[in-house]
Amino acid sequence: MDVQRTVVAVTGASGIQYAQRLLHVLAAKQVETHVVFSSAAFEVWRAELEIPCKPEMPDLTAFCGVEAKTLKLYRNDMIGAAIASGSFRHRGMVICPCTMATLGRVANGTGDGLIERAAEVTLKERRKLLLVPRETPYSLIALRNMVAV
């Protein structure tokens, strides 16, 4: 696949700095990146970063520290967005950081937001899905969900 675009979802796990660095690198390399923040991710942004956070209009340039021309932002309630369709071609999706709740919803196909829907479609289309879980130690349920994904 020669499409140079990716999907990045940011959920409410601790470690939002990982997402910040990932988006910094993708924006600096001018990779077309489609970004979704969960509502809990905005809470973590406020708690862990010294960058002002307005969920109604997040400043991705301030968040990732470089001009974010190639980043397109979606709300998690936009379940009809292009990234939720199998016809939307991309190289893969990253959920960074990934909460155990998000992992469970993806593993079981029970998501109700754009993040889970886009991840489920990514799996259905046999594209790469990278999850960056942060909570440890892992429970048996979390390990089973990881194997299922």
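So, a few notes on the structure that sits alongside this text. Note that this is a predicted model, so its numbers are computed, not measured. Positions within a chain are numbered from 1, following the residues in the order the chain's sequence is written. Given that the model is predicted, a residue must reach a pLDDT of at least 70 before its local features are reported, and side-chain atom pairs must reach 80 or more before they are shown or counted; all residues, however, enter totals for whole chains, interfaces and linings. Excluding hydrogens and water, the side-chain values take into account all heavy atoms of the structure.

The next subject is unusual backbone geometry. For residues that are not glycine, phi is negative in most cases, and the peptide bond is trans in most cases. Cis rather than trans, the peptide bond between C96 and P97 has omega equal to -15°. Secondary structure elements follow DSSP: runs of H or I of four or more residues count as helices, runs of E of two or more count as strands, with numbering from the N terminus. Take P97: it is sitting in strand β4 (residues 92–98). Backbone geometry at R126 places phi at a positive 60°, although glycine is not the residue there. Inspection of the secondary structure puts R126 in the loop between α5 (114–124) and β5 (128–133). Residue R126 is classed as exposed on the basis of its relative accessible area, which comes to 76%. Exposure categories follow from relative accessible area, calculated using a 1.4 Å probe and restricted to protein chains: below 20% of the type maximum is buried, above 50% is exposed, and the middle band is partly exposed.

Salt-bridge detection follows one rule: a side-chain nitrogen of Lys or Arg within 4 Å of a carboxyl oxygen of Asp or Glu. All told, the structure shown has six salt bridges when counted by the stated rule. In this structure, the salt-bridge partner of E43 is R46, at a minimum N-O distance of 2.9 Å. Pair noted here: E43 and R46 are both in helix α2 (residues 39–48), with a separation of three residues, about one helical turn. Classification of R46 as partly exposed rests on a relative accessible area of 39%. Close ionic contact of R105 with E116 constitutes a salt bridge, the shortest N to O distance being 2.6 Å. Taken together, the residues span a long stretch of sequence, with R105 in helix α4 (residues 100–108) and E116 in helix α5 at a distance of eleven residues. Assessed through its relative accessible area of 28%, R105 is described here as partly exposed.

The subject of this paragraph is the environment of A107. Tracing the chain through its elements places A107 in helix α4. Since its relative accessible area comes to 21%, A107 is described here as partly exposed. Along the sequence, A107 and R144 sit 37 residues apart, while their C-alpha atoms lie 8.9 Å from each other. Residue contacts are defined here by distance: any two heavy atoms, one from each residue, within 4.5 Å place the two residues in contact. Sequence-distant contacts of A107, that is, excluding residues within four places in its chain, are made with N145, A148 and V149.

Pairs of strands are assigned from DSSP output, requiring at least two bridges between the strands. What the five strands build is an open sheet, ordered β3-β2-β1-β4-β5; its pairing is parallel. Looking along the sheet, the strands with just one partner apiece sit at the ends: β3 (71–75) and β5. Each strand of the sheet is rotated relative to its neighbour by a mean of 20°, with strand direction disregarded. Taken together, the five bridges between strand β2 (residues 32–37) and β3 define a ladder with parallel strand orientation. Paired with F37 across the bridge in β3 is R75. In this analysis an axis means a line fitted to C-alpha atoms, helices contributing only their contacting stretch, and an angle means the value between N-to-C directions, from 0 to 180 degrees. Packed onto the sheet, α5 meets β1 (5–10), β2, β3, β4 and β5 and runs at close to 135° relative to β4.

For this analysis, a ring pair means two rings from Phe, Tyr or Trp (six-membered ring only for Trp) whose centres lie within 6.5 Å, classed as stacked if their planes differ by under 30 degrees, edge-to-face if by over 60, and tilted for the remaining angles. The final tally for this structure, using the stated rule, is five aromatic pairs. Considering the side-chain rings of F37 and F42, the 5.1 Å spacing of their centres and the 15° angle between planes classify their relative orientation as stacked. A residue is classified by how much of its surface remains accessible, and F37, at 2% relative accessible area, is buried. Among the aromatic side chains, those forming a connected cluster through ring pairs are F37, F42, W45 and F63. Here, over-ring charges are defined by two tests on the NZ atom of lysine or the CZ atom of arginine: distance to the ring centre within 6 Å, and angle to the ring normal within 35 degrees. A cation over an aromatic ring shows up here: R5 above the ring of F88, its NZ or CZ 4.4 Å from the ring centre. Taking NZ or CZ as reference, K72 lies 5.1 Å from the ring centre of Y74, over its face.

This part is about the side chain of H34. One can find H34 in strand β2. Here H34 falls in the buried class, since its relative accessible area comes to 5%. Whenever two N or O atoms come within 3.5 Å, that pair is a polar contact, provided that in protein one can donate a hydrogen and the other can accept it, and provided that, for residues adjacent in sequence, both atoms are side-chain atoms. A distance of 2.7 Å separates polar atoms of two side chains, one belonging to H34 and the other to E32.

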